[in-house]
Each structure stands twice: as structure tokens, then as C-alpha cells.
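# Structural characterization, general
Letter by letter, the chains look like this.
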Amino acid sequence: MESKNYKLTVVKADQVDFDVRKQMSEIFSEGFSQWLVFFSKDKNKIAKAFAHMFVLNQFYVAIANNKIVGMTACTDGADRSVRLNKKELRKHLGFFKGSMAAIFLKKEFEAPFEEFPPNTGSIEFVGTASEFRGQGVAFQIIKHIIENAPYNDFVIEEVADTNTSAMTLYYKLGFEEYKRKPLPEIRAKKIGINNFLSLKYVKK
């Protein structure tokens, strides 16, 4: 893909010949920090706290000009794409908040899927560097995964119904909604989300 004077290359994160964790964690912090404000409002601190967690052979990254500009994980539903280390979280977030992150986010990030269908890939942790958003980076990564990962079906779990840019991207790629989980009214009003949607792509 050629765009704005750069060439985009998509590869597995464990095949990159430089340390990708710092840049991946910065993308993670930019994209997911709104959900992590309890632990810190400092995006740099969030990035440092979670840089350790990526299981690199489960991630695909987009590279432009020797920089990681996007990332997405794809797992088989059994192996996890991230593993949290309590010691690292405490080191960067402090003892209390680091311990809380280890407890609550471990359940969120590492909980096994229930009755996960066979021959299916789970698309997770889709993120793009802020200066490359709107340039088709996530589209190219997920398209690459669909074309190259050894699965017939792909699912994306719990996309906020208010995340219109993500929903537009996934529909453009051919994903379709197959399930929605409504939030309790009080929580829905608090976070501005009514439903979490689950999407599925089936190879023709």
C-alpha cells in the first residue's frame, strides 16, 4: 500500500528486527487510555506499564518508515494475545493501582473464551498511531490477517455501538453483527454506550 509518501508493510510482530514493544504500547495507550483512567490519566505512564504484556507471535503490525504505525492481534481463542505481569504493573502504576490492574484487567484481557468456535480467529487490540489514523492502516492489517491467518471465520468481540469509525471499518471489511450485549441503564448513561456488539466474518 502506497500512501502519503510511505510504503506500508504488514508482518507478525515477532518477525520485526527491532524492539516493537515501546511503539506498540504507545499505540495501545493512545487507543485504550480512556478505559484505563482509573489507573492513570498519564498516557506515557500507561504505555510504560503495559509495554511488557504483548505476546508478540499473536500480533500483526504495520510498519512505515521503520516505525510501527498500527497493530492488531489474532488468536485462536485459546492462546491469549496479552499476559499481564503484576510486578511490572506495580512498578509503573504504584503498588495499589498496579495490584488492582493485575486483578481486574487480567479478568478482562486474559479470560478464556467460552465455547469458542473451531477454525476461528479472534481479532483483538486493533490500534493505529494517532498521526496515521484515517489512512487505512487498520483496514490493511485486518485484510492481511483475513488473507493469511489459517482460519475460515473471524470474530471481533465487544465493539461499542457508539464507536462508529470502528463499525464502519469492520462493515467495510465484510464483518456482520451476530450478537449484541446491552449494558445496564445506569452504566450505559455513565459511559455513553448502549450495547457491545459482536461481529463475524466468514470467508466465501
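Note: the structure precedes this text.
Description of the structure in this document.

### A few points about the packing of helix H1 (residues 21–32) against helix H2 (residues 43–50)
Two elements in contact, H1 and H2, have axes whose closest approach is 8 Å; the angle formed by their N-to-C orientations is 130°. Looking at the two axes, H1 sits oblique to H2. Crossing geometry of H1 relative to H2 is assigned as right-handed. Of the residues in H2, those in contact with Ser25, Glu26, Phe28, Ser29 and Glu30 of H1 are Lys43, Ile46, Ala47 and Phe50. Along the lines of polarity and charge, the residues of the contact of H1 with H2 split into four nonpolar, two polar and three charged.

### Considerations on the environment of Leu36
Tracing the backbone through its elements, the reader meets Leu36 in the loop between H1 and H2. Residues Leu36 and Ile123, 87 residues apart in the sequence, show an inter-C-alpha distance of 21 Å. Excluding its chain neighbours within four sequence positions, the residues that come into contact with Leu36 are Phe28, Ile46, Phe50 and Leu105.

### Concerning the sheet that holds strand E3 (residues 9–12)
Pairing is mixed in the open sheet, where seven strands are placed in the order E3-E4-E5-E6-E7-E9-E8. Strands with a single pairing partner mark the edges of an open sheet, and in this sheet they are E3 and strand E8 (176–182). Averaged over all pairs of adjacent strands, the angle between their axes in this sheet comes to 25°, without regard to strand direction. Pairing of strand E7 (residues 153–160) with strand E9 (residues 195–202) involves six bridges; the strand directions are antiparallel.

### A closer look at H2
Listed as buried for H2 are Ile46, Ala47, Ala49 and Phe50. Projection of H2 onto a plane perpendicular to its axis shows the buried side chains occupying an angular sector of 165°, all on one side. When the buried face of H2 is taken as reference, the exposed residues oriented beyond 90 degrees from it are Asn44 and Lys48. Contacts made by the buried residues of H2 are with H1, helix H3 (86–93) and helix H4 (95–110). Measuring from the backbone nitrogen of Asn44 back to the side-chain oxygen at the start of H2 gives 2.9 Å, which picks out Asp42 as the cap.

Cut-offs and rules
Residues numbered from 1 in each chain as written. Predicted model: local features only at pLDDT ≥ 70, side-chain atom pairs only at ≥ 80, totals over all residues. Heavy atoms only, no water. Axes fitted to C-alpha atoms, helices over the stretch in contact; angles between N-to-C directions. Helix = DSSP H or I, 4+ residues; strand = E, 2+ residues; numbered from the N terminus. Parallel < 35°, antiparallel > 145°, perpendicular 65-115°, else oblique. Left-handed = near helix turned anticlockwise from the far one by under 90°. Contact = heavy atoms within 4.5 Å. Nonpolar A, V, L, I, M, F, W, Y, C, P; charged D, E, K, R; others polar. Pairing = 2+ DSSP bridges. Buried < 20%, exposed > 50% of the residue type's maximum accessible area, 1.4 Å probe, protein only. Arc of directions from axis to C-beta. Polar contact = N/O pair within 3.5 Å; in protein donor to acceptor, adjacent residues only side chain to side chain.

The analysis is restricted to geometry; functional conclusions fall outside its scope.
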